[in-house]
Amino acid sequence: MRATEPSRTAIGAAAYRAAHQNVDGGAIFRDPYARRILGEEASAEADLKAEVPSTRSFRLFMAARSRYAEDCLALSVAKGVRQAVILGAGLDTFALRNPHAGLKVFEVDHPATQSWKQMRLSEIGLTQNLPTFVPVDFEQEDLGMRLADCGFELETASFFIWLGVVPYLTEPSVFALLRFVAGLPSSSIVFDYSEPLENYPAERRARAEEMGARTAAAGEPWLTHFDPKQLADRLLSLGFRSLEDIGPTEMAKRFGLPADAPDRGAGPHVVFADK
């Protein structure tokens, strides 16, 4: 991303969530603040884009990955987690909606995006139940030190949500963060990633390549993809004991498609890695 601007992909992800509330009635993921933070003009643009049939699949995936992450967080809170960290938070609204008494929420993001979000929250009067904001450049700064500086307790059970970030980081940066989470006691993480584009079915590969070209033109190129089996092996080697990796087919079946729906092939995945 460009250092003086909010992340365009963060705004794009918020646009999909906002459109889901209106076009799909929030059927998969309810977020009453998405449209307010995005603003009327941007929300209207998101609705207009949602009229294009080819955008529906990805919009629903964006809603489903947020629903899945927060469902996993709820299970972890029931087991004693008292800290949640939203990595690359963008315009995420979980802290505003936090239903878990005693759960402290930290939002980590690039300083430019975070400043823009804080300005928007102030402009629309959303000043209650705010998270602890932790500005971090993932490629340049030590996440553990920045979190600790902001009140994160390294020895307390914690849950990390990391959505929409992995493809834009280098592979060493991705595993540096995963290694950090794995090194914490009683920690777990939900994150998403994409398989290499050559794994995609032909009819969806061109669309994925087009999306990648758009993000690159906006200054945020895709840098990292993973093979699911190889990624699982590496996560286990880091010390995670329990893994759930949900690809496009399973995600679609969990959140709306019939159980006998055809296999959708390669695509974006969401992983829950627990210690």
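For every chain, the first residue of the written sequence is number 1, and numbering continues from 1 along that sequence. Local features in a predicted model are, by the rule used here, given only for residues with pLDDT of at least 70; side-chain atom pairs are given and counted only at 80 or more, and totals for whole chains, interfaces and linings are based on all residues. Only hydrogens and water are set aside; all other atoms, that is, all heavy atoms of the structure, feed into the side-chain values.

### Topic: the sheet that holds strand 7 (residues 268-274)
No. 1: A sheet is described by the order of its strands in space; here seven strands give the open sequence 3-2-1-4-5-7-6, paired in mixed fashion. In this open sheet, the two edge strands, each paired with only one partner strand, are strand 3 (132-135) and strand 6 (242-246). Here the strands of the sheet are splayed against their neighbours by 15° on average, with no regard to which way each runs.
No. 2: Looking at chain direction, strand 1 (residues 83-87) and strand 4 (residues 158-162) are connected through five bridges and run parallel. Bridging across to strand 4, Ala84 finds its partner in Phe159. The pairing criterion is simple: DSSP has to find at least two bridges between the two strands. Helix and strand assignments follow DSSP, with helices taken as H or I runs no shorter than four residues and strands as E runs no shorter than two, numbered in order from the N terminus. Axis definition: a line fitted to C-alpha atoms, limited for helices to the stretch in contact. Angles are taken between N-to-C directions and run from 0 to 180 degrees.

### Considerations on unusual backbone geometry
No. 1: In this model, Asn129 sits at a positive phi of 60°, which is unusual for a non-glycine residue.
No. 2: Here Asn129 is to be found in the loop between helix 6 (111-123) and strand 3.
No. 3: The phi dihedral of Ser186 falls on the positive side, at around 50°, and the residue is not glycine.
No. 4: For Ser186, the position within the fold is in the loop between helix 8 (171-182) and strand 5 (187-194).
No. 5: Here the term buried applies to any residue with accessible area under 20% of the maximum for its type, exposed to any over 50%, and partly exposed to those in between, with areas from a 1.4 Å probe on protein chains only. By relative accessible area, Ser186 is classed as exposed at 52%.

### A short note on empty space enclosed by the protein
No. 1: Here the term cavity refers to a set of points on a 1 Å grid, laid over the protein atoms alone, in which a 1.4 Å probe fits but cannot get out; the term pocket refers to an open set having protein on both sides within 12 Å along at least five of seven lines, with lining residues being those that place an atom within 4 Å of a point. Grid points are joined across faces, edges and corners, and a volume is the space filled by probe spheres set on the points. The final tally for this structure, using the stated rule, is one cavity of 30 Å³ or more.
No. 2: Within this model, the largest cavity holds a volume of roughly 40 Å³.
No. 3: What lines the largest cavity is simply Ser66, Ala69, Glu70, Ile86, Asp92, Phe94, Ile161 and Leu163.
No. 4: It is helix 4 (residues 56-78) that contributes the most residues to the lining of the largest cavity, three residues altogether.
No. 5: A per-class count over the lining of the largest cavity returns five nonpolar, one polar and two charged. Under the convention adopted here, Pro, Cys and the residues Ala, Val, Leu, Ile, Met, Phe, Trp and Tyr are nonpolar, Asp, Glu, Lys and Arg are charged, and Gly plus all remaining residues are polar.

### Focus on the packing of helix 1 (residues 8-23) against helix 4
No. 1: Packing of helix 1 against helix 4 brings their axes to within 9 Å, and their N-to-C directions diverge by 95°. As judged from the angle between their axes, helix 1 and helix 4 are roughly perpendicular. Taking contact as the criterion, the partners of Ala13, Tyr16, Arg17, Ala19, His20 and Val23 in helix 1 are, on helix 4, Phe58, Arg59, Leu60, Met62, Ala63, Arg65 and Ser66.
No. 2: Looking at side-chain class alone, the contact of helix 1 with helix 4 contains eight nonpolar, two polar and three charged residues. Each angle gets one of four labels, with under 35 degrees taken as roughly parallel, over 145 as roughly antiparallel, 65 to 115 as roughly perpendicular, and the rest as oblique. Contacts were defined at the residue level, with two residues in contact if any of their heavy atoms lie within 4.5 Å.

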